[in-house]
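Take a look at the letters that make up each chain.
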Amino acid sequence: MTTATAPSPAAAPDRAPRVKSSTRGRVTVNAVMVAMILYFLLPFWWLLVAASKNNDALFSTAALWFHSPGSFFDNLQQLFTYNDGEYLRWMGNTAIYAGVSGLGATAVATLAGYAFAKYRFPGRNLLFSSLLGAIMVPATALAIPTYLLLSKVALTNTMWAVILPSLLNPFGVYLVRVYVQESLPDELLEAARVDGAGELRVLFNVALPTLKPALVTVLLFSMVGTWNNFFLPLVMLNNDKLFPLTVGLQSWYQGALIQSGANALFTLVIAGSLVAILPLIVAFLLLQRYWRGGLTVGSLK
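Cut-offs applied
- Residues numbered from 1 in each chain as written.
- Predicted model: local features only at pLDDT ≥ 70, side-chain atom pairs only at ≥ 80, totals over all residues.
- Heavy atoms only, no water.
- Phe/Tyr/Trp six-rings, centres within 6.5 Å; stacked < 30°, edge-to-face > 60°.
- Helix = DSSP H or I, 4+ residues; strand = E, 2+ residues; numbered from the N terminus.
- Buried < 20%, exposed > 50% of the residue type's maximum accessible area, 1.4 Å probe, protein only.
- Lys NZ or Arg CZ within 6 Å of the ring centre and 35° of its normal.
- pLDDT = per-residue confidence, 0-100.
- Contact = heavy atoms within 4.5 Å.

1. Some words on the packing of aromatic side chains
Throughout the structure, instances matching the rule amount to 14 aromatic pairs. When the ring of W90 is compared with that of W252, the centres are 5.1 Å apart and the planes differ by 55 degrees; the resulting orientation is tilted. Here W90 is found in helix α4 (residues 86-118), whereas its partner W252 is found in helix α13 (residues 245-258), with 162 residues between them in sequence. By relative accessible area, W90 is classed as buried at 1%. Relative accessible area serves as the criterion here: at 5%, W252 is assigned to the buried category. Ring centres 6.2 Å apart and planes at 25 degrees place the aromatic pair F128 and Y174 in the stacked group. Of this pair, F128 sits in helix α5 (residues 124-135) while Y174 sits in helix α8 (residues 170-183), placing them 46 residues apart in sequence. An aromatic cluster of three or more residues is present, and its members are F116, F121, F128, F171, Y174 and F221. Note that R177 overlies the ring of F128, its terminal NZ or CZ placed 4.0 Å from the centroid.

2. Some points on the confidence of the model for the protein chain
On average, residues of the protein chain carry a pLDDT of 84, and 87% of them reach 70 or more. Scored below 50 in pLDDT, residues 293-301 shows nine contacts in the model against residues more than four places distant or in partner chains.

Structure follows, in structure tokens:
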């Protein structure tokens, strides 16, 4: 008959240091996370506070606290009515640029990434290596050559001058290719082909539903990149009726500097910047659910 052996008295002291070390580790991680959250939220807090001040209070009161919250609605009213609603026209332009460019860039990236991942054709590796090299080239370095190219076909100072260059997203192609390789088994595509599906039907009915998280990621990156794009429309456009928000707000800021703040454009620039980021927040909140859940769970036995 065997009897249970009592735990050694030395075991209890060994556990205590481990528990304390684990607790200290969690506290450190939580402290770092809180510090990072505050760091990233601080500019947004300043923008919210500054948008609630009038032009005088903006330069004479505490930077990180409210002074006259009632001025927030006055600033919004002036923002939407200044110069015959110029801000709303710029926001509409930005929505067109971001929407068309985002959808177009996602479509191009999907087709190219899927082809690189699932088809074998001459020069595939060379083309993909060139694509990776294109990721390293800053967009600002391509603005002037793009302007010269589009000027040859009389597309400068049009909406197409902003949309067409934004349709090319090398990082989106790379992301889709990697995602297709990792999450879309060849056996799944072969099964659809055996059942008589053509290549387009395989793409739209089998591949695309599985690729939703990658497509939403590319869509968001493309839309945010175009929404925040400043240098390309600054180079391409000289008609203020075609300006996006970035260039339009910069023109207001330059006007405020020239007038030394006599015209209350500083508050309009700040209020306009605050309103400009709200659509991006809404887009992230609406589309984040597509990043969840199993991707190919159940697709293969």
